[in-house]
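Report on the structure
Take a look at the letters that make up each chain.
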Amino acid sequence: CCNTPAEQLKVRLQKLLNKGIMLGHQDDPMYGTTWKWDEGKSDVFLTTGDYPAVMGFDLGKIELDSKENLDGVSFDRMRKEIIAQNERGGIVTLSWHPWNPVTGENAWDPKGDAVAAVLDGGAQQQKFDGWLKKVSDFILKTNDGKLVPVIFRPWHEMNGGWFWWGASSCTPVQYNQLYVKTLNILTKAGCNNIVWAWSPNLSDEKTVEKFLERFPGEKYVDMLGVDVYEFDNSDANYQQNLAATLDVLMEAAKKVGKIPALTETGCRGISSKKDWFTQTLWPVLQKYQLSYVLFWRNAWDKPQEEAYLPGVGDGAIVEDFKAFKKEKKVLFAKDIVKVRK
Ligand code: BMA
């Protein structure tokens, strides 16, 4: 084992699991609550003095040959930041919100039987295989010659009905075929730098059976995650949902022998909270041995709806976030540098 960048990252993730939980942030170095596109900035760095251990980026729109992703992030810049994060000893995760290949609408269009259409023999197969080629080209070119390991988390929140690969748009068998096809094509293209993550969304029915309903299989997945948000301003609801969901995640991860992570989270309206990190999140999170917790983006294009980590000038919550960082088990970039493969 351990010759490929992916195998080395897996060993590293296992080691880090014993050290604590890594802090992650989507689009961290691209934009924040008071700035966008500047180089060298990061809301996490500006508020705490260190970068997140994990940075997330999204490939949505790469399939359309766009120079920028669906949130306006340039792919050239993304490549630079992936390399920079790797060089500072941090870890990178990639998600992908591709356009609906049948209707031409964005990822949130569940219509058109698009999964059936992209599978082998389907009407959109050729086009879709071309899309996967664009993804593998990007993942392979992250650094000239030397591949940067990434945690790739395609086809996420598949238990919900909002995406074209979601539960109302395909059967579990079709979904699994989509995931495995993606893995096979990227692997054949030479992507030996991918750690494969799979993550449903929070579900009403919190059982291991339900959780694993669309799980592609132990052979294909390295990490098991879940996405849970606080959208309703109820800290108590969030705590309940999070605890019940993480119970299921841990049991499922144990059952299939995979590394667990909280692959997306955040509280809407965080800037006006006082002590959400230390009093709402941490009391629950500290009970679970998770690889990382990834906060979603501090959206420059819709700051009211989506800003999940504090920015400079945000008031009490900034101090609370710093206190959260001081927890021994909460790991930022500098905390993980020494734990290499
Ligand atoms: C979603 C929202 C969208 C965004 C997408 C991909 O959850 O943040 O605004 O386009 O993620 O980053």
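Here we summarise the structure given alongside this text. All of these numbers come straight from a predicted model, not from anything done at the bench. (Residues numbered from 1 in each chain as written. Predicted model: local features only at pLDDT ≥ 70, side-chain atom pairs only at ≥ 80, totals over all residues. Heavy atoms only, no water.)

1. As for the environment of E63
The cut-off we apply is this: Counting from the N terminus, the helices are the DSSP runs of H or I reaching at least four residues and the strands are the DSSP runs of E reaching at least two. Each residue is assigned to one of three classes by its accessible area relative to the maximum for its type, calculated with a 1.4 Å probe on protein chains only: buried under 20%, partly exposed between the two thresholds, exposed over 50%. Residue contacts are counted whenever heavy atoms from the two residues lie within 4.5 Å of one another.
Counting through the fold element by element, E63 comes out in the loop between strand 2 (54-58) and helix 3 (75-87). Judged by relative accessible area, which is 2%, E63 ranks as buried. Placed 68 residues apart in sequence, E63 and W131 show a C-alpha to C-alpha distance of 4.8 Å. The contacts of E63, once residues within four sequence positions are left out, are W96, H97, P98, W99, W131 and K134.

2. Some remarks on the environment of G20
Within the fold, G20 resides in the loop between helix 1 (5-17) and strand 1 (21-26). Discounting residues that sit within four places of it in the chain, G20 has contacts with L290, S291, K329 and L331.

3. Considering the site of the ligand
Counted only if it meets this: Proximity is defined per residue: if any heavy atom of the residue lies within 4 Å of a molecule or strand, that residue is considered near it. Definition of a polar contact: a pair of N or O atoms within 3.5 Å, with one able to donate and the other able to accept a hydrogen when the atoms are protein atoms, and with sequence-neighbouring residues admitted only if both atoms are side-chain atoms. Exposure was quantified through the Shrake-Rupley algorithm and a 1.4 Å probe, taking into account, for residues, occlusion by the shown protein chains and nothing else. Ten residues, namely Ala, Val, Leu, Ile, Met, Phe, Trp, Tyr, Cys and Pro, are considered nonpolar, four, namely Asp, Glu, Lys and Arg, are considered charged, and the remaining ones, Gly among them, are considered polar.
In the vicinity of the ligand, the contacting residues are L70, D71, H97, W108, W296, R297, K302 and E306. Take W296: an N or O atom from its side chain is 3.0 Å from an oxygen atom of the ligand. At 2.7 Å from an oxygen atom of the ligand is found a side-chain nitrogen or oxygen belonging to E306. For the ligand, the protein covers 85% of the area, taking 310 Å² as the surface of the free molecule. Classifying every residue of the shell around the ligand by side-chain character gives 3 nonpolar, 1 polar and 4 charged.

4. Brief notes about a positive patch on the surface
Condition: Exposure above 30% relative accessible area and no salt bridge define the residues that can form patches, which grow by joining like charges within 9 Å and nonpolar side chains of Val, Leu, Ile, Met, Phe, Trp and Tyr within 5 Å. A pairing counts as a salt bridge when a side-chain nitrogen of Lys or Arg comes within 4 Å of a carboxyl oxygen of Asp or Glu. Positive residues here are Lys and Arg, negative ones are Asp and Glu, while His and the chain termini are left out of the count. By convention, the point assigned to a charge is CZ for Arg, NZ for Lys, CD for Glu and CG for Asp.
Taken together, the side chains of K19, K328, K329 and K338 define a basic patch exposed on the protein surface. Here K329 shows up in the loop between helix 10 (316-326) and strand 9 (330-331).

5. Section: the environment of A236
Here A236 lies in helix 8 (residues 235-256). Put simply, A236 and T280 are 44 residues apart on the chain and 7.8 Å apart in space, counted from C-alpha to C-alpha.

6. A few points about the packing of aromatic side chains
Our working definition: Stacked, edge-to-face and tilted are the three classes for Phe, Tyr and Trp ring pairs, Trp counted by its six-membered ring, which pair at centre distances within 6.5 Å; planes under 30 degrees apart are stacked, over 60 edge-to-face, the rest tilted. Here, a charge over a ring is recorded when the distance from Lys NZ or Arg CZ to the ring centre is within 6 Å and its angle to the ring normal is within 35 degrees.
By the definition in use, this model includes 29 aromatic pairs. Ring geometry for W155 versus W165: centroids 5.1 Å apart, planes at 70°, classification edge-to-face. With W155 in the loop between strand 4 (150-152) and helix 6 (172-188) and W165 in the loop between strand 4 and helix 6, this pair connects stretches of sequence that are 10 residues apart. For W165, a relative accessible area of 0% puts it in the buried group. On the basis of an interplanar angle of 65° and a centroid distance of 5.9 Å, the ring pair of Y179 and W196 is categorised as edge-to-face. Placement of Y179 in helix 6 and of W196 in strand 5 (residues 194-198) is noted, with a sequence separation of 17 residues between them. Y179 sits in the buried class, given a relative accessible area of 0%. Among the aromatic residues, those joined into a ring-pair cluster are W96, W108, F128, W131, W155, W162, F163, W164 and W165. Taking NZ or CZ as reference, R88 lies 3.9 Å from the ring centre of Y51, over its face.

7. Considerations on the packing of helix 5 (residues 125-140) against helix 6
Condition: Axis lines are fitted through C-alpha atoms, for helices just across the contact stretch, and the angle between N-to-C directions can take any value from 0 to 180 degrees. Roughly parallel covers angles under 35 degrees, roughly antiparallel covers those over 145, roughly perpendicular covers 65 to 115, and oblique covers all other angles. For any pair of crossing helices, the crossing counts as left-handed if the nearer helix is rotated counterclockwise from the farther one by less than a right angle, and right-handed if it is rotated clockwise.
One can describe the packing of helix 5 onto helix 6 by two numbers: an axis separation of 10 Å at closest approach and a directional angle of 55°. Relative to helix 6, the element helix 5 lies oblique. Crossing of helix 5 over helix 6 shows right-handed handedness. Each of Q125, F128, D129, L132, V135, S136 and I139 in helix 5 lies in contact with helix 6, whose residues at this interface are L178, K181, T182, I185 and L186. When the residues that make up the contact of helix 5 with helix 6 are grouped by side-chain class, the tally is 7 nonpolar, 3 polar and 2 charged.

8. Notes on a nonpolar patch on the surface
Taken together, the side chains of F45, L46 and V312 make up a nonpolar region of the molecular surface, amounting to roughly 230 Å² of accessible area. Within the secondary structure, V312 sits in the loop between strand 8 (292-295) and helix 10.

9. What to know about the packing of helix 9 (residues 276-285) against helix 10
Here helix 9 crosses helix 10 at 45°, and the two axes come no closer than 8 Å. Between helix 9 and helix 10, the interaxial angle falls into the category oblique. Contacts between helix 9 and helix 10 involve W276, F277, T278, L281 and W282 from the first element and I317, D320, F321, A323 and F324 from the second. Here the contact of helix 9 with helix 10 is built from residues that sort into 8 nonpolar, 1 polar and 1 charged.

Taken by themselves, the reported measurements are silent on function.
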